Amino acid sequence: MKAKDYCTLTCGDKSIKLPVYEGTEGPDVIDITKLYRETGFFTYDPGYMSTGSCHSEITFIDGDKGILRYRGYPIEQLAEHSDYLEVCYLLLEGELPNEEQKKNFKDTITHHTLLHEQMAKTYTGLQRDSHPMAIMVTIVGALSAFYHDSTDIDDEEQRTKAIDRMIAKMPTMAAAAYKYSIGQPFVYPDNNLDYVSNFLRMCFAVPTEKYVVNPVFAKALDTIMILHADHEQNASTSTVRLAGSSEANPFACISSGVTSLWGPAHGGANEACLRMLEEIGTVDRVPEYVKRARDPNDKYRLMGFGHRVYKNYDPRARIMQKTCHAVLHELDHDDDPILKVALELERIALQDDYFIERKLYPNVDYYSGITMRALGFPSSMFTVLFSVARTVGWIAQWKEMIEDPRQRIARPRQLYVGKTERDFIPLDKR
Ligand code: ACO
């Protein structure tokens, strides 16, 4: 990368000229890689408040303006005109596919949907009442044991095969996690169906009845998948990159992403948000919860509100709200009581000084829980769906990193504040 400029930093009695790089959009960055060698100082930025961990061509976010683009394409246009598999191709390859590329990609993904038959035994080794995300962490990690022939990250063909397998098998694994948790038989994929219809069928069909995919539901799930496909260097993606930087195999890296996503401050927020809306229950109780969220002595937060990057309305939340209305309308539930609570909570919070000052707006999780529940998913499956959708983002970011010749192991440093050297005390003297 060529420096656009230099800035001078004075640390103690030393001054250093640091290169400044310019991206195609977004803030410039100061390259501090030589800071320690030349001054003896580390930087300190817990939570990465001002730290760029990599350069990337995949996803751009302008949090102040509420902009999200994959490979330059606005999320609104992709959600309206594209479909999830096309978005997967775009994220992985950098360009939208032409007709032939689209067909080939779809064929490849479709023909990798089946799981190794022995994987069923991995599921049955787990407790039935395990959280489906606990099952996903196990199963995704287990992929490297079943598909060892695509774990050599230096072999391009194996990398591609691992990527195709991940995208194709995630819905099958997620649906099986759900089926296992409710005691129903696993449903094999039907390769005549498109990606999301197949996923819905594997989740909701039973061998005793014919399952017909509702096109409104399929469209809604496809939109949910597009909205969650990538989000630059968020916690789970950074986890995948960090794991991958040690040259761990892609399946192991993606399972680390699933683990990170599970937390309620990240992908677990959709489940927490629906729980919150259900707990509020009726519109008249909304002010009470807003009051709690604003109370500095109460750790309570409104789930589905606020974002590290978006200091404006999350563009995905807007699309998700529309999708939510479409699904509820299809079900004749336009006056869903939980939707009413959500709309009222949003209305009150957006007028409240506390939320205005802190720039707290609904994020993607705010409406996704209501939508997924209306599609028939229990709340324990929400983060699982998110992990299925985000797999392509994780794997595209992993691919970008592995294919970068400058890639090195990620190894942050620390400010040590522990004890200085002291002598060992024998047990009888402690
Ligand atoms: N409700 C009430 N207050 C909030 C909320 C919220 N949801 N979010 C942030 N705040 C307040 C904080 O208390 C803090 O107030 P203070 O300045 O008086 O101390 C201020 O806003 C800044 O909050 P931080 O925690 O410093 O912001 P950060 O960027 O670290 O956190 C996060 C972002 C984790 C998403 C946070 O907003 C949150 O916990 N939201 C609820 C969980 C959620 O919805 N997560 C989903 C994120 S999107 C995703 O992962 C797909």
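Residues numbered from 1 in each chain as written. Predicted model: local features only at pLDDT ≥ 70, side-chain atom pairs only at ≥ 80, totals over all residues. Heavy atoms only, no water.

Some thoughts on the nonpolar core
Note the threshold: What is meant by a nonpolar core is a set of buried Ala, Val, Leu, Ile, Met, Phe, Trp, Tyr and Cys residues, joined one to another through side-chain atoms within 4.5 Å. Each residue is assigned to one of three classes by its accessible area relative to the maximum for its type, calculated with a 1.4 Å probe on protein chains only: buried under 20%, partly exposed between the two thresholds, exposed over 50%. Whether two residues touch is decided by their heavy atoms; if any such pair falls within 4.5 Å, the residues are in contact.
Ranked by internal contacts, the top residues of the largest apolar core, which has 116 residues, are Tyr 70, Ile 167, Met 173, Leu 277 and Ile 370. Discounting chain neighbours no more than four positions away, the residues touching Ile 167 are Leu 85, Cys 88, Leu 92, Phe 105, Ile 109, Tyr 195, Val 392 and Ile 395.

Quick word on the site of the ligand
Convention followed: Proximity is defined per residue: if any heavy atom of the residue lies within 4 Å of a molecule or strand, that residue is considered near it. Here a polar contact means two N or O atoms within 3.5 Å. Within protein one must be a hydrogen donor candidate and the other an acceptor candidate, and residues neighboring in sequence count only if both atoms are side-chain atoms. The Shrake-Rupley method, run with a 1.4 Å probe sphere, supplies the accessible areas, and residue values consider only the shown protein chains as cover. Here the nonpolar group is Ala, Val, Leu, Ile, Met, Phe, Trp, Tyr, Cys and Pro; Asp, Glu, Lys and Arg are the charged ones; every other residue, Gly included, is treated as polar.
If you check the shell around the ligand, you find 19 residues, and the closest are Arg 301, Leu 302, Gly 304, Arg 308 and Tyr 354. At 2.8 Å from an oxygen atom of the ligand is found a side-chain nitrogen or oxygen belonging to Arg 308. Isolated, the ligand exposes 930 Å² of accessible area, and the fraction of that covered by the protein chains is 72%. Per-class residue counts for the shell around the ligand are ten nonpolar, five polar and four charged.

What about the state of the cysteines?
What counts is decided by this rule: By disulfide we mean two sulfur atoms from cysteines, separated by a distance within 2.5 Å.
By the definition in use, this model includes zero disulfides. The structure places no disulfide on Cys 88, whose sulfur is separated from the nearest cysteine sulfur, that of Cys 203, by 17 Å. Residue classification places Cys 88 among the buried residues on the basis of a relative accessible area of 0%. Looking at Cys 273, it has no disulfide partner, and the nearest cysteine sulfur is the one in Cys 324, 11 Å off.

What to know about the packing of aromatic side chains
Our working definition: We call Phe, Tyr and Trp rings a pair once their centres come within 6.5 Å, taking the six-membered ring for Trp, and we label the pair stacked below 30 degrees between planes, edge-to-face above 60, and tilted otherwise. Comment: the charge-over-ring label is applied if NZ (Lys) or CZ (Arg) is within 6 Å of the ring centre and within 35 degrees of the ring normal.
Summed over all chains, the structure comprises 13 aromatic pairs. Each member of the aromatic cluster is reached from another via a ring pair, and the members are Phe 305, Tyr 354, Phe 355, Tyr 366 and Tyr 367. One residue, Lys 17, lies across the ring of Tyr 6, its end atom 5.0 Å from the ring centre. Positioned above the aromatic ring of Tyr 313 is the side chain of Arg 318, whose terminal nitrogen or guanidinium carbon lies 4.4 Å from the ring centre.

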